[in-house]
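Notes for the structure review
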Amino acid sequence: METLEATELEKMPVSPVTMSHAKGDSAVILDADGGLGSWSPSIGYLKIADLDSGGTDLSVNPSGTVAAVAGSDGFVLYDLVNEELITEHRGQWSSSVAWNKDGSIVAVAFGKKVKLYTIDGTCIRTAGDFASTVMDLSWLPDQENIAVASFGGVSIMSTVNDVEPMQKEFVGSLLCLAVSPAADWIVSGNQDCSLQVFKIKDSTRLEMQGFPRKVTDAQFDSSGLWLANNGADEVTVWDFKGKGPKGRAPRILPKHVYGGTALAWHPTKAGVIATGDGAGLVRIWDVAKGVPEKPMPPMKRIKSYSSSEVRFILWDSTGNNLVVCHADGVIYQESIV
Amino acid sequence: MEQEEKVLGPIPVTVITGFLGSGKTTLLNRILTENHGMRIAVIENEFGEVGIDDALVLSSEEEIFEMNNGCICCTVRGDLIRILGNLIKRRDKFDRIVIETTGMADPAPVAQTFFVDDELRAACKLDAIITVVDAKHALQHLLEVKEEGVENESVEQIAFADRIVLNKTDIATPQEQADVIKAIKSLNAGATIYPAVNANVDLKELLDIGAFDLQRIMDTDPAFLTDTEHMHDQSVTSVGIEVEGALDIEKLNGWLGMLLGEKGTDIYRSKGILSIADSDERYVFHAVHMLFNGEFTTKWEDAPRVNRMIFIGKNLDRKELTDSFMACMATENSKKKSKVKV
Amino acid sequence: MIAVNLLTKNPVLTLNGINVFRDQFCAVKNVNLDFEAGELVALSGRNGAGKSSLLLAIAGLTNFTGTLKFKESECHHGHHQPGIGYVPQRANLRWDLPMRAIDVVLTGTAGDHHLAGYKNKSKRVKLAWEALELVEGSHLGDRLLSTLSGGQAQRILIARSLVSKPEVLLLDEPLSGLDAPSSQRILDLLKQRANEGTLIIAAMHELDIVQGHFSRAVLLSGEVIADGAPTQVIPTLYVNPTLSEVTV
């Protein structure tokens, strides 16, 4: 059987941070130095622009034409078609950028504030002062409200009305957010090694404390029935069916060396997730086939071309292929079918 | 089989503290411009103070987070977690990190950040905390009486320091210098003090010093234990003990284990060179909070067998410490006893 | 010897009306418990329930009121009992010191009358290496602390406490951060020590493991709210990992 050595693969010169779908089968990749590049299975990696700021987050609009890039020194909107800067704002840490569903507005975390921009770079709203630098942002499914993570909890702020944000309080430093597709739950992963689960419509809060590591990634699957999070050598998957996960033992995806460093639910198949770990291994799991509390076997293991940490996993829109991106810059696509 | 860790070594981190106007930025500029061949990433508190083209400069605004219901040990710097987290991903771009804190910064959350956050603990190592002190004006900051429960930051900055740059000696009178040195030594007798003008200290004394290295304690100026007067109304002190003779290691171990277990949160640092009965080697000891390490090192030969020990921390009782230390001295009986056991 | 202990129900450790104070707060109050040699006891409860505080009190490391007896002799705050070993929480310690793992284990030879006399370093080093072997950590001895994984670091700490062969072993969250195989190794080791007569008391948040492996569970929530066989005690609260509701 023919094997492909990692050295023959396309390798980025700088460690990647995150990636996002762009036009066709291509993806846009942000690196830790703020370099923006494109990647496609046929062409490989091409550097597009240098944004001169430690890269933190990336979001490309649904039509694949404009990238919003966040970094340690601010954020930029970059026109991927004409390869030119649309706008830039410097001087504050930016941790998160998120386009809404129709691509009309991009929400940007800017220091302790949240700013909204239209695609041409016009700022239409600035909100905050939040209790700390905003760590994550997520649009609610109604496309009107945004969940904002900062120290002390989640704020749900309206982008259209000038009303007080709804507060979901938790005394701790929040790192990441996930909003369920039916807009009934908001989940945060936290610096204090806990997972907090807030019900949106009332004050119910559930928590799981005592993960061995901080929880930096939590995501709902497309059906909203499952939530996966890291924070341990196991990836924990919670069952959100019906009344929610309270008191229900989770599914356990075992053996992630140095923890689950990348999580990616299948775009359409409920309960199917790809996970990457600190040793470069990527596995695919069908969580519905697992038994609560018992570590389950993976459905499939992907051939890995690098032993460095998996930084990002991106499914293509068909769900037949996975793009895997490692910390050492190795990127490849694998077919799942 | 057990998975082995990644091989990249931890990144050394130097923290520079000091009051506004003490010359922190001057020192930082010196570190950045001097020809030492090291690539340095700088985290500074105000953007644009340092303008070096090649250096990777990130600005930070102090964000202190209490992690766990107000427990002081769990107070960390959220801004540093963020910034260092990003720097770790670009670790091939630099050899070391220097953090410049604001004049008012409490050094404890800075130091604690490196072991409360699992990611940083694995990727970085704290090399030393350096405090820059204005020889002419520092004393008035140190003597400032704060409200009950409010820490005097300048006191904390000195208590945590491994190295102290006594800057601006050109504008301070000899008496002013002597007074400030006396005050510094009463807070932290273990830190070496470097008098300087324009922060002109040999960088070899400040970078890559491995402040926790046992050999370094041996090399420390023997005068570091000279008895000092307490400053008025001061809860942070260092207690130095210097006494000739031999210690009963059994008693010593029991006492140290108990002391650090009980007062580990109050005792920031402790270290010593000890003479143990029936051993012709120096016993060198170092502790941070309750984790401690001691081992026999070089032979005494003809040198006088003097025990030297220092504790830096809050609410230390000199008499109690000295008395309980003296109680660990070997008697004729215990000498015989330990001889039997060996 | 052990059998006699078990038959006569001679408690090795007795807690009578213990209140533990941490920074002026009463962390846990009115604890009345007897422990016998060879028991494998889990202290469980949520964060802040008083697990760590109670362990510190038994170890003589924090202030308490009430009567605490170890083998009939009364214990006081600040007086370390050589027969009681304590393994602190890994996360509370510094791992960035330039020390080797064996050096940390070596510090376990302090404070124990049988070992401290060995000023002869090679003897102490030998004991430390033996303790390391008990936690299957011999290959880690020469490694720097900063290069250890969480699981490896935990094993080093446990080895440190085992050097002095204590009669009572207190552990604060010993399995936190360990993968399943390492946890299993540590559990096997603790069970073996318990079988040989050591009383083991561990603060545990992994309730599934408590159910599967421990002989007794004490549930705390500012006070003792349940005490008994884990299968009877545990389901009354929650099974871990689980999302539990927080009441404000």
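Here the structure is a predicted model, which is why all the values come from computation and not from measurement. (Residues numbered from 1 in each chain as written. Chains lettered and ligands numbered in written order. Predicted model: local features only at pLDDT ≥ 70, side-chain atom pairs only at ≥ 80, totals over all residues. Heavy atoms only, no water.)

A short note on the overall build of chain A
Here is the rule we go by: Only runs of H or I of at least four residues qualify as helices and only runs of E of at least two qualify as strands under DSSP, and these elements are numbered from the N terminus. In this scheme, a residue with accessible area under 20% of its type's maximum is buried, one over 50% is exposed, and one in between is partly exposed, where area comes from a 1.4 Å probe on protein chains only. Between two residues, a contact is recorded if the distance between any of their heavy atoms is within 4.5 Å.
Counting its regular elements, chain A contains zero helices and 31 strands. Residue burial in chain A is summarised as follows: out of 337 residues, 63% are buried. By sequence separation, contacts in chain A at least 24 residues apart represent 40% of the contacts at least 6 residues apart.

Some details on the overall build of chain B
Counted only if it meets this: Computed with a 1.4 Å probe, the accessible areas rest on the Shrake-Rupley method; for each residue, only the protein chains presented here act as cover.
Helix and strand counts for chain B stand at 11 helices and 14 strands. Out of the 342 residues in chain B, the part that is buried amounts to 56%. Across chain B, contacts joining residues at least 24 apart in sequence account for 76% of those joining residues at least 6 apart. Counting only carbon and sulfur atoms, one obtains 51% of the accessible surface of chain B, whose full area is about 14400 Å².

Some points on the confidence of the model for chain A
The predicted coordinates ought not to be read in detail in places where the model reports low pLDDT. For the record, the criterion: Confidence per residue, as judged by the predictor, is encoded in pLDDT with a range of 0 to 100.
Per-residue pLDDT for chain A averages 91, and the proportion of residues at 70 or more is 97%. Between residues 1–8 of chain A, whose pLDDT stays under 50, and residues either more than four places distant or in other chains, the model counts four contacts.

Considerations on helix α2 (residues 78–88) of chain B
When you tally the buried positions in α2(B), you get 10 out of 11 residues, the bulk of the element. Listed in full, the buried residues belonging to α2(B) are B:Gly78, B:Asp79, B:Leu80, B:Ile81, B:Arg82, B:Ile83, B:Leu84, B:Gly85, B:Asn86 and B:Leu87.

Quick look at the nonpolar core
The condition is simple: What makes a nonpolar core is a set of buried Ala, Val, Leu, Ile, Met, Phe, Trp, Tyr and Cys residues whose side-chain atoms join them at distances within 4.5 Å. How far each domain reaches was decided by an automatic or database domain assignment.
B:Leu87 and B:Ile97 are the most contacted members of the largest nonpolar core, which totals 50 residues. Among the elements that make up this core, the one with the highest residue count is α2(B) (five residues). Here this core gathers at least three residues from each of two domains, domain 1 (2–220) and domain 2 (237–338) of chain B. Counting residues in each nonpolar core, the second largest holds 41 residues, with C:Ile156, C:Leu187, C:Leu189 and C:Ala194 among its members.

What to know about the confidence of the model for chain B
Residues and elements named next belong to chain B. Mean pLDDT for chain B: 76, with 74% of residues reaching 70 or above. Predicted confidence in chain B is weakest over helix α11 (residues 332–341), with a mean pLDDT of 46, and strongest over strand β8 (residues 163–167), with 94. Here residues 69–73 is a poorly scored stretch, pLDDT under 50, and it has four contacts once near neighbours within four places are set aside; other chains count. This model gives residues 336–342 a pLDDT under 50, and the stretch forms 11 contacts once residues within four places in sequence are excluded. The complex model carries a pTM of 0.66, and its ipTM stands at 0.88.

Focus: the sheet that holds strand β2 (residues 27–31) of chain A
Residues and elements named next belong to chain A. Operational definition: Pairs of strands are assigned from DSSP output, requiring at least two bridges between the strands. In this analysis, axes come from line fits to C-alpha atoms, helices being fitted only over the stretch in contact, and the angle between any two N-to-C directions falls in the range 0 to 180 degrees.
Spatial ordering of the open sheet is given by β1-β2-β3-β4, a layout of four strands whose pairing is antiparallel. In this open sheet, the two edge strands, each paired with only one partner strand, are β1 (16–21) and β4 (44–50). Between one strand and the next, the sheet's axes are offset by a mean angle of 25 degrees, whatever the strand orientation. Where β2 and strand β3 (residues 35–40) come together, four bridges link them in antiparallel fashion. Its bridge partner being in β3, Val28 is matched across the sheet by Ser38.

Here's the deal with the interface of chain B and chain A
Note the cut-off: The buried area of a pairing is the accessible area, by a 1.4 Å probe, that goes missing from both parts when the two are put together, added over both. A pairing counts as a salt bridge when a side-chain nitrogen of Lys or Arg comes within 4 Å of a carboxyl oxygen of Asp or Glu. Side-chain atoms alone can form a polar contact between residues adjacent in sequence; in general such a contact is a pair of N or O atoms within 3.5 Å, and within protein one must be able to donate a hydrogen while the other accepts it. Residues are grouped as follows: Ala, Val, Leu, Ile, Met, Phe, Trp, Tyr, Cys and Pro are nonpolar; Asp, Glu, Lys and Arg are charged; every other residue, Gly included, is polar.
On the chain A side, the residues contacting the 20 residues of chain B number 26 residues. Of the roughly 2100 Å² buried between chain B and chain A, counting both surfaces, carbon and sulfur atoms make up 54%. A:Lys214 serves as the salt-bridge partner of B:Glu119, at 3.0 Å between the closest nitrogen and oxygen. Across the chain B-chain A interface, the total number found is seven residue pairs in polar contact (both at pLDDT 80 or more). Per-element tally for the side of chain B that touches chain A: the top contributor is α2(B), with four residues. Of the residues belonging to the side of chain B that touches chain A, the class tally is five nonpolar, two polar and 13 charged.

Side note on the sheet that holds strand β6 (residues 96–100) of chain B
All names here are of chain B. Taken in spatial order, the seven strands line up as β3-β2-β6-β1-β7-β8-β9 in an open sheet, and their pairing is parallel. The two strands at the open ends of the sheet, each matched to only one other strand, are β3 (56–59) and β9 (192–195). With direction set aside, neighbouring strand axes in the sheet form an average angle of 20 degrees. Taken together, the eight bridges between strand β1 (residues 11–18) and strand β7 (residues 124–134) define a ladder with parallel strand orientation. Bridge pairing in β7 links Ile16 to Ile130. In the packing of helix α1 (residues 24–33) onto the sheet, the strands contacted are β1, β2 (40–44), β6, β7 and β8, and the crossing angle to β1 comes to about 150 degrees.

Points about the packing of aromatic side chains
What counts, and what does not: Pairing of aromatic rings covers Phe, Tyr and the six-membered ring of Trp, with a centre-to-centre limit of 6.5 Å; geometry is then stacked below 30 degrees between planes, edge-to-face above 60, and tilted otherwise. Each ring is checked for a lysine NZ or an arginine CZ that lies within 6 Å of its centre and within 35 degrees of its normal; such an atom marks a charge sitting over the ring.
Summed over all chains, the structure comprises seven aromatic pairs over all chains. With 6.3 Å between their ring centres and 80 degrees between their planes, A:Phe75 and A:Phe110 make a pair best called edge-to-face. Taken as a pair, A:Phe75 in strand β7 (residues 74–79) and A:Phe110 in strand β10 (residues 105–110) lie far apart in primary sequence, 35 residues in all. Of the two residues, A:Phe75 and A:Phe110, neither departs from the other in class, the shared state being buried. Consider the rings of A:Trp185 and A:Phe240, whose centres lie 5.4 Å apart with planes at 85 degrees: the pair is edge-to-face. Taken together, the positions of A:Trp185 in strand β18 (residues 185–190) and A:Phe240 in the loop between β23 (235–239) and β24 (251–253) put the pair 55 residues apart, joining distant regions of the chain. Accessibility classification places A:Trp185 together with A:Phe240 in one group, the buried group. Put simply, the rings of A:Phe75, A:Phe110 and A:Tyr117 touch in pairs and so form one group of aromatic residues. The residue whose ring lies beneath B:Arg82 is A:Trp93, and the NZ or CZ to ring-centre distance is 4.9 Å.

Considering the pairing of β2(A)
Sheet faces and side chains relate simply in a regular strand, where the side chains alternate between the two faces. Residue and element names in this part refer to chain A. Taken across its five residues, β2 has five buried, putting it largely inside the fold. In β2, alternate side chains face the same way, and those of Ala27, Ile29 and Asp31 on one face and Val28 and Leu30 on the other are all buried. The pairing of β1 with β2 spans five bridges and is antiparallel. Paired with Pro16 across the bridge in β2 is Asp31. Where β2 folds back onto β3 in an antiparallel hairpin, the turn is made up of three residues, including Gly34, whose phi is positive at roughly 85 degrees.

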